[in-house]
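Structure at a glance
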Amino acid sequence: MTQVLSPREVFLALVNGVAEGRWAELPDLYAERTHVVHPFDPLRAAALRTRDELREHFRPTGDGPRLNRRAANITIHETTDPEVIVAEFEYRGTVEETGEPFAFPGIFVLRVRDGEIVSSRDYFDHVSAARVRGQLDTLVEAVRAGGAYSA
């Protein structure tokens, strides 16, 4: 019998999986039908609603510098709803090619049911992430044009 992960355990698996680059494993943390939004995304990308969409979202592109990162400053707030947590954290690290340090703050509001993320609102610092990846100009141009941006 497989033990069902708690919302706290699912969140920790998610942020540590991202930090460690375990991209292929991450979609399995989500329900087949889910609802993931990034409200602070400057381009207001559409919600991710399936594991297949999440597979594509997490697929490494090989573009940009390599980031050595870890999840840090993690605070998990439990709510009166046992399925919902609010998690504050940062990805901290360095750009491998330059040694430049970075810290990307984030807050995730997760609903986890039966050990799978069924919804998530991911508030993340997209502008700092684009800057560290050398893609800030591309992001600004895309925002001005109202078009797509690929992180």
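Please read these numbers as outputs of a predicted model, since none were measured by experiment.

In this section: the side chain of Arg69. Along the chain, Arg69 turns up in strand E3 (residues 67–78). Buried and unpaired, Arg69 has no salt bridge, with Glu20 as the nearest side chain of opposite charge at 10 Å. In terms of polar contacts, Arg69 uses its side chain to reach the backbone carbonyl oxygen of Val18, at 3.5 Å. Excluding its chain neighbours within four sequence positions, the residues that come into contact with Arg69 are Val18, Ala19, Trp23, Tyr91, Arg92, Gly93, Phe102 and Arg133.

It is worth spelling out the pattern of salt bridges at this point. Summed over all chains, the structure comprises 14 salt bridges. Between Arg51 and Glu32 there is a salt bridge, and its shortest N-O distance comes to 3.3 Å. Here Glu32 lies in the loop between helix H1 (7–19) and strand E1 (33–37) and Arg51 lies in helix H2 (residues 51–58), a separation of 19 residues in the sequence. In this structure, the salt-bridge partner of Asp81 is Arg111, at a minimum N-O distance of 2.9 Å. Pair noted here: Asp81 is in the loop between E3 and strand E4 (84–95) and Arg111 is in strand E5 (residues 101–113), with a separation of 30 residues, a long-range link. With a relative accessible area of 25%, Arg111 lands in the partly exposed category. It is possible to trace a salt-bridge network through shared partners that takes in Asp81, Glu83, Arg111 and Arg113.

Cut-off values and rules
- Residues numbered from 1 in each chain as written.
- Predicted model: local features only at pLDDT ≥ 70, side-chain atom pairs only at ≥ 80, totals over all residues.
- Heavy atoms only, no water.
- Helix = DSSP H or I, 4+ residues; strand = E, 2+ residues; numbered from the N terminus.
- Buried < 20%, exposed > 50% of the residue type's maximum accessible area, 1.4 Å probe, protein only.
- Lys, Arg positive; Asp, Glu negative; His and termini not counted.
- Salt bridge = Lys/Arg side-chain N within 4 Å of Asp/Glu carboxyl O.
- Polar contact = N/O pair within 3.5 Å; in protein donor to acceptor, adjacent residues only side chain to side chain.
- Contact = heavy atoms within 4.5 Å.

Nothing here speaks to function; it is geometry throughout.
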